[in-house]
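Chain by chain, the residues:
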Amino acid sequence: MKNIKITITAIMALFLFQACSEDKMDDINKNVNNPSDMESRLIITDVMVNTAFSVTGADASFYAGVYSELSAGNHNQMYNAQVRRADPQLSSTYNNGWNNSYEQLRTLGIIIDKCTVGNEQGNYQTLGVAQILLAYNLSVLTDLFGDVPYTEAGKPGIIFQPKVDKQEAIYLDIFKRLNEGIANLQKTTTYASLGSQDVIYGGNSAKWIKAANGLLARYTMRLSLRKADYQGVINYVNASFATVDDEMKLAVSGVPNPFARFELNRSAISVAKSFYDTMKANGPADARTEAFFTKKAGVVVPFDNSKEDIEGQGVYSISALMSEANPIYLMSYHELLFLKAEAQARLGLAEAQTTMNAAIKAAYTKKQVVTFTAAQADTYIASIPALTGNALLKKIMVEKHISFYENEGIESYNDIRRLQALGNGDLIPLVNPKPALFPQRFSYGQSDVASNANIKDLYGDGSYVYTEKVWWAGGTR
Amino acid sequence: MKLKFNGFLVLLLVLVAQLTFAQERAVSGTVSDNTGMPLPGVSVLVKGTKTATQTDFDGKYSIKAAPNQVLIFSYIGMKAQEISASSTSVNPKLKNDSVELESVVVTALGVKKSSRALGYATQEVKAADITRANNNSLSGALQGKLAGVAITPSSGAPGASSQIIIRGARSFTGNNTPLYVIDGMPVASQPDFSTGNGVTGADVANRAVDIDPNEIESINVLKGQAASALYGLRASNGVILITTKSGKNLAQGGKPVITFNTSTSFETISKKPETQNEYAQGSNGVFNPNASTNWGPKISELPNNPTYGGNVANALNGGVLRPGKYYVPQRAKAGLDPWVAPQAYDNIGDFFKTGFTINNTLNISQATEKTNYSFGVGTSKQDGIIPETGMKRYTAKAVVDTKLNNEWKTGFSFNYVETKIDKSSSANDGAIVGVFGGPRSYDLKGIPFANPSNPYDQIYYRPGVFNNPYWAAKNNEFSEKTNRVYGNAYIQYSPIISEDGSQKLTVKYQAGVDSWTTNYRDIFEFGSKLDLSGNSSSANLYGTTNDVINSLFTLNYNLNITDDFNMNVLVGNEYNHQNTKEYDDTGTAFNFGGFPTITNARIVTASEYRRQIRTVGFFANAEFSYKNMIFLGGTIRKDVASNMPRGNRDFVYPSASLGIVLTELEGLKGSSILSYAKLRGSIAEVGQSGNFIGNSYTTPSYSGGFWVGDPIQYPLNGTSSFIPNNVQYDENLKPQNTKSYEIGADFKFFNNRIGLEYTFSKQNSKDQIFSVPLPGSTGANSLVTNGGKMRNDVHELTLSVNPVRTADFNWTFNVNFSKIDSYVEELANGVDNIFLGGFTTPQLRASVGDRFPVIYGTGYARDENNNIIVNAAGLPVADGELKVLGEVAPKFTLGGSTQLTYKRLSLGAVVDWKNGGKMYSGSNNLMNFYGVDARTADRTSEFIYPGVKEDGTPNDIVRGGAADPNGQQALQAALNGIAESAVFDASFVKLREVTLGYQFPKLMNNSLDVRASVFARNILLWSKMPNLDPEATQGNNNFAGGFEQWSMPQTKSIGFGLNFTF
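Residues numbered from 1 in each chain as written. Chains lettered and ligands numbered in written order. Predicted model: local features only at pLDDT ≥ 70, side-chain atom pairs only at ≥ 80, totals over all residues. Heavy atoms only, no water.

1. Topic: the sheet that holds strand 15 (residues 185-187) of chain B
Residue and element names in this part refer to chain B.
- One open sheet accounts for 5 strands, arranged 11-16-17-14-15; its pairing is mixed. Unpaired on one side and paired on the other, strand 11 (122-126) and strand 15 mark the two borders of the sheet. Sheet twist, expressed as the average angle between the axes of neighbouring strands with direction ignored, equals 25°.
- Two strands pair when backbone bridges link them, and strand 11 and strand 16 (residues 216-222) are joined in this way by 5 bridges, in the antiparallel orientation. Paired with Val125 across the two strands is Ile219, which belongs to strand 16. (Pairing = 2+ DSSP bridges. Helix = DSSP H or I, 4+ residues; strand = E, 2+ residues; numbered from the N terminus. Axes fitted to C-alpha atoms, helices over the stretch in contact; angles between N-to-C directions.)

2. Quick notes on the sheet that holds strand 7 (residues 81-84) of chain B
All names here are of chain B.
- Pairing is antiparallel in the open sheet, where 4 strands are placed in the order 4-3-6-7. The open sheet has two edge strands, strand 4 (52-54) and strand 7, and neither has a second partner. For this sheet, the mean inter-axis angle between neighbouring strands, taken without regard to orientation, is 25°.
- Bridge count for strand 6 (residues 70-74) against strand 7 is 4 bridges, and the pairing is antiparallel. When the bridges of strand 7 are listed, Phe73 appears paired with Gln81.

3. Some words on the packing of aromatic side chains
- Under the criterion given, the structure shown has 70 aromatic pairs over all chains.
- Where Phe193 of chain B meets Tyr520 of chain B, the ring centres are 5.3 Å apart and the plane angle is 85°; that geometry is what we call edge-to-face. Of the two residues, Phe193 of chain B is situated in the loop between strand 15 and strand 16 and Tyr520 of chain B in strand 30 (residues 503-524); the sequence distance between them amounts to 327 residues. The two residues Phe193 of chain B and Tyr520 of chain B agree in class, both being buried.
- What links up through ring pairs into an aromatic cluster is the set Tyr63, Tyr67, Tyr94, Trp98, Tyr102, Phe145, Tyr413, Phe438, Phe442, Tyr444, Tyr459 and Tyr464 of chain A. (Phe/Tyr/Trp six-rings, centres within 6.5 Å; stacked < 30°, edge-to-face > 60°. Buried < 20%, exposed > 50% of the residue type's maximum accessible area, 1.4 Å probe, protein only.)

4. Re the pattern of salt bridges
- Inspection of every chain in the model, using the stated rule, returns 84 salt bridges over all chains.
- Taking the shortest distance from any N to any O, the salt bridge between Lys166 of chain A and Asp147 of chain A comes out at 2.7 Å. Of this pair, Lys166 of chain A sits in the loop between strand 3 (164-165) and helix 8 (167-185) while Asp147 of chain A sits in the loop between helix 7 (124-145) and strand 2 (148-149), and the two are 19 residues apart along the sequence.
- Accessibility expressed as a relative area gives 45% for Lys166 of chain A, which makes it partly exposed.
- The partner of Asp746 of chain B in a salt bridge is Lys678 of chain B, and the shortest N-O contact between them spans 3.9 Å. (Salt bridge = Lys/Arg side-chain N within 4 Å of Asp/Glu carboxyl O.)

5. Looking at the interface of chain A and chain B
- Each partner contributes residues to the interface: chain A has 71 residues there, and chain B has 59 residues.
- Both faces considered, chain A and chain B share a buried interface measuring about 5400 Å² in area, 57% of it formed by carbon and sulfur atoms.
- Counting across the interface, chain A meets chain B through 4 salt bridges.
- In this structure, Arg649 of chain B engages Asp26 of chain A in a salt bridge whose closest nitrogen and oxygen atoms are separated by 2.8 Å.
- On the surface where chain A and chain B come into contact, there are 27 residue pairs in polar contact (both at pLDDT 80 or more).
- Contributing elements (two or more residues each) for the side of chain A that touches chain B: helix 1 (2-19), helix 2 (22-28), helix 3 (40-56), helix 4 (59-67), helix 5 (76-82), helix 6 (95-116), helix 11 (258-266) and helix 19 (446-451) of chain A.
- Sort the elements by how many residues they give to the side of chain A that touches chain B and helix 6 of chain A lands first, with 9 residues.
- Broken down by class, the residue content of the side of chain A that touches chain B amounts to 33 nonpolar, 22 polar and 16 charged. (Contact = heavy atoms within 4.5 Å. Buried area = accessible area lost by both parts, 1.4 Å probe. Polar contact = N/O pair within 3.5 Å; in protein donor to acceptor, adjacent residues only side chain to side chain. Nonpolar A, V, L, I, M, F, W, Y, C, P; charged D, E, K, R; others polar.)

6. Observations regarding helix 10 (residues 967-976) of chain B
All names here are of chain B.
- The buried count for helix 10 comes to 7 of 10 residues, which makes it a mostly enclosed element.
- If you check which residues of helix 10 are buried, you get Gly967, Gln968, Gln969, Leu971, Gln972, Ala974 and Leu975.
- Against strand 19 (282-283), strand 48 (854-860), helix 9 (922-929), strand 53 (942-943) and strand 54 (959-960) lie the buried residues of helix 10.

7. Notes on empty space enclosed by the protein
Residue and element names in this part refer to chain B.
- Under the definition given, this model contains 17 cavities of 30 Å³ or more.
- Approximately 750 Å³ is the volume attributed to the largest cavity.
- Broken down by secondary-structure element, the contributors of at least two residues to the lining of the largest cavity are strand 12 (149-153), strand 13 (162-166), strand 45 (809-826), strand 50 (892-902), strand 51 (905-915) and strand 56 (988-999).
- Tallied by class, residues from the lining of the largest cavity come to 20 nonpolar, 14 polar and 7 charged.
- Put simply, the second largest cavity is a space of about 520 Å³.
- Forming the walls of the second largest cavity are 34 residues, and the residues nearest its centre are Asn135, Asn136, Ser137, Gly140 and Ser155. (1 Å grid on protein atoms, 1.4 Å probe; cavity = no way out; pocket = protein on both sides within 12 Å on 5 of 7 lines; lining within 4 Å. Points joined across faces, edges and corners; volume = space filled by probe spheres on them.)

8. What about the nonpolar core?
- Judged by nonpolar contacts, the single largest core of 152 residues is most densely connected at Trp208, Met248 and Phe442 of chain A.
- Sort the elements by how many residues they give to this core and helix 7 of chain A lands first, with 13 residues.
- Look past the residues within four positions of Phe442 of chain A in its chain and what remains in contact with it is Ala60, Tyr63, Ala64, Tyr67, Tyr94, Leu144, Phe145, Tyr413, Tyr464 and Val465 of chain A.
- With 66 residues, the next largest nonpolar core counts Phe287, Ile348, Val888 and Ala986 of chain B among its residues. (Core = buried A, V, L, I, M, F, W, Y, C linked by side-chain atoms within 4.5 Å.)

9. Focus: the confidence of the model for chain B
Residue and element names in this part refer to chain B.
- Taken as a whole, chain B shows an average pLDDT of 91; of its residues, 97% reach a score of 70 or greater.
- In the model, residues 11-22 has pLDDT below 50 throughout and makes 2 contacts with residues more than four positions away in sequence or in other chains.
- The complex model carries a pTM of 0.86, and its ipTM stands at 0.95. (pLDDT = per-residue confidence, 0-100.)

10. Here's the deal with the side chain of Lys249 of chain A
- Along the chain, the position of Lys249 of chain A falls in strand 4 (residues 248-250).
- Polar contacts involving the side chain of Lys249 of chain A include one to the side chain of Glu247 of chain A, which spans 2.9 Å.

Right, here's the structure in full:
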């Protein structure tokens, strides 16, 4: 009897200690819902989707489109931005976009690490694509926010308050990443092509290389104030998209065009009168003027953005191009051609207007739900007289501005600030009645203002957004 | 010889008989208490016989007894006395039952101890006090009856969640509710799902809803950490120990006792908003039949409206005048005569119906020599005051204990529960927006809620976003159904190890299980939000299956070292393993109406979540007592928790307590003024583990921000993606730690007629585990790590008085006072606040330097003298910065209860007073903004908003009046942008319970006891906040109690009950 008791006690004790050994507990605490590691090809897909939908197509594009007067904000936050209430300087305004951009940078960092020092060494295609996407995301971030955390960013739990890097240094890295990306995409790899996980180019490295060259053209032009290299722009353009099929865009069913979804969910953006006027000035030959905007009782009712027009939903005309099926452009073919046209014009090259005409045609025929024919483009192009000098430059820039309608707001906003810095502010005049409150940049995100002392100091009360230009626009930060 | 012998025998018999009978004579006297007051109804028994009587109204008795016999005098509440009947006059004085003092309380791990032996505060609530007012919610039944315990109901809706927090919060976003232990088995009491930010959907009940208060014998609340330390990791929030009814307390060898309780009550809204009744739907004085606002013309002026009026020719009447009437387009859509005479409708009174609740419980129990048992079944059926809401609960239980022999004992306790709750939605999905906020001129009940030819085509005064409340009640569904089993079985071995009883050993092993499945359905039917595209309809089907296994082994050794010196040692082990599986299936955009399930959805997503958590604990407890006067105890427990990172899984927590009964000291002993005095103090340290799971990759989500719903749902055309989780886990996570100190004193005066207990406790909690927000530039949203400090200072005072105690009349009253101050001393580095729930503004948050939690949001712009600044239009404006608008926690709470018994009649009452604390009332804000509230009735007077102009001079800008007919609307629109304007003092006084009971004389041949009662709950309410009961708020988590927006209303009830005992 006694022996039995002792045996039972011993067995129970043994069971109990085994029941809570570290290995057993690890087993119990295993995450069975979410994988702890992941192949880079499955990670990079959403970076592309997110970069298109959230980084490029959503909040930043809406606000930038309002500031660049591509559209007008008629409701709530967009209206507040339109009439320059406190929103442009509040840290909460761009917080979602700010946080989202850094999530992409961190994720890309993880992919690049995997493919360079991690367990996917030699996965050159994924590495090259990740480097190009990193450069792209980095430029959107620094173009909008100026000096931002970069070298210390994306290390949660390790670096709690990332320091801020200068825009100039960040741009050096952007170029470096793009060139590295091109080099890696040219290497042979034993890894399978990204294939369908690459929702932009379907795993076609050649197209990614073209895209990288297109971006090099865009960023070279961006830095014109600091270091003009218009021939460089032309060279990069020549190495980039040869046809509209090469352009860098996302068109996947299941990913709605954010501009259309924003209208469905918020109805906060409408036609800006100044933009409508710009189009009307093209004359009746421009078929787009008639087709771009919805009508109310037969007429276009724009929001008069030259004054503090009335806030309201469903009151004003909206874009008639709008469709959730429209692609989201990261870098369009028409933009590329306009870059070349501008570079040629600035160099005084004769072919500038021809290039512009090609760009206008590309803009007319861009692959959206509402399309225009090549014949309509030709009709309009034929109505444009031969132009030279500033008039040609102006036409190029105005046409580029129009080509960005409706959802390439970020590039429009970048162009306007670049032109102002170059002394070409007259090319796309702004009509907002509060020019002193034209935001020179976006204000830092609230999450950093609240808990990163480096950003908190730079943010102050947020009013710097009206006075401090970014470095490439002549500013210091 | 034979004769002789017979004769002798007869003689002897006669002699014996004479001896016996001749000496039996009447003994009489008066029984009184020790003050000399005669005691009627005292039972007098001749020991060892069945001869018995009772004292009369003057305390007199007479009984036949022989001089060598013994009389037993017994009376409830008094110590029984045995007195020899040697004299014919016996006049005993009965003393108060000091057993009351020695009352046994159940402490941690079910160990029973004399209350005097405790070095910490516990508080017991008996069955009678829980069930007297027939509340079918346990937490509701405890309100006002405990000190140091905050009970926050979410609403009066059937099955509504409710939070019990003992001695304040210790965790910012984690669990602050106590551990529930039923018959020795820890059971789940928390909600399966959090209501999150608390601004969408319906409430989610917490699992304490499964407990039927009628099955409870007693509740003992272990408030401090020292009291609960033996429970280890789960003990930091205190413990609610529930003992259910069993046959234990019945007379041994008696017959089965059958009890049947039934009660019926009727519920109505506890506070009905007051409305203006003069003005119609519209804005700026103009009628608009589709406006959400009520700033139109006078209702009586509607027939003169140029578009809709019947007094004037217009397109709608085609020139045929309809004098005194106006055109209601919604009536036209419903196929009714659109022309009606305008009036103000009682939309609120029409909508809320009288709810009713029927509770029935049947119990049979018996105690035989070896076995006692109790079997019970119960039902509770409740219909809410909102149509289509309600709760049904069915419970069955069995408790059996049996002695196998002198050393072995075994038993089990088994419970089955089925709970089904039908709810309604609130806040952004609010069903009652249109009831409280409905235009005064709109006939919400009279106009059908749907197109007669299409039941999903709503008819409503608003064109979108919110549903017609009648349509929502009929078509939307928010339901939850739980099936649950919990119980345990034990075997106990108590060998006799010493002949003289100086040593005792008890070994007990108990194994239990708590297993439940809850399925939830949240349905927005086709046509929801007046969207006939179906895009706003959805079915969210989710649920959880859980099983928790608990194994408990204890060994208890007691040794009387000397007569004065006793030692008790307990060692043991506990093993607790929880298995959880959850599912979440969402279908959005139904194709057609009438088939609201996932099959009918155009987009379907599904997910699964599984989790296991195991805790293994080893514990020991040692107690020493000296002369029944000094009690010293200490515990130590080591826990190993699976849900912490490797290398950081085991923790050791100690506690110590000391109690000194001063009245055992010579000199103080036996005093009738100070009957009892004890000083006590304790110190303890306990932890709370986090829920570490490690870093992982997740499916991307795009919901939030500007988007309604999730605009992108993976997989995309067969392509999946995984991204790093933006919530990171600290690999060095350690448990959060609470150190507590407690001192207290218990006094009883005047032979225990007055009892006073006071406790002060201080808790310092540090290393709180929460998702510390990270700067976005780190690429992650938050890091689950340790950070922050909290401090709780708690004063508890309990006073119990028994001013009158005679045989016919007994009066007692109790007062429970609590002052609980929880301060947030520190959050993680660089973080000065944490969001708990609500909107961007207003919201509730934990904020450094403030009490926990605070209301935060837009305040009035004020000058340095705190004057409200008005703008050029003479109206207040919002301050640019968001700020703290008020503390949610009250300054103090006071609960009082009283019980009067006169003969067979008893009257009881419970009053609850909450003093201070603020809450945000979104309903009050919007009822003003909409122009429905009675406070917006005056639209013609001129007013100057009290404040200063931007230049600092007093505001002299006149608004309103004939020159500014829309001034009042402009003011309310301005206030709507200032959250502070809807922050109210949440103080209230409530008459929680009133009960009147009558105990019938024994019926049916003395075999039936019947008690009848009538009761009322929450019938009187005084509150500072207008229109609404401050006890109706949003949320089932730490957000609860301070934020209201179209929340389900509170109820008051009145009913009757019958209690039969066979």
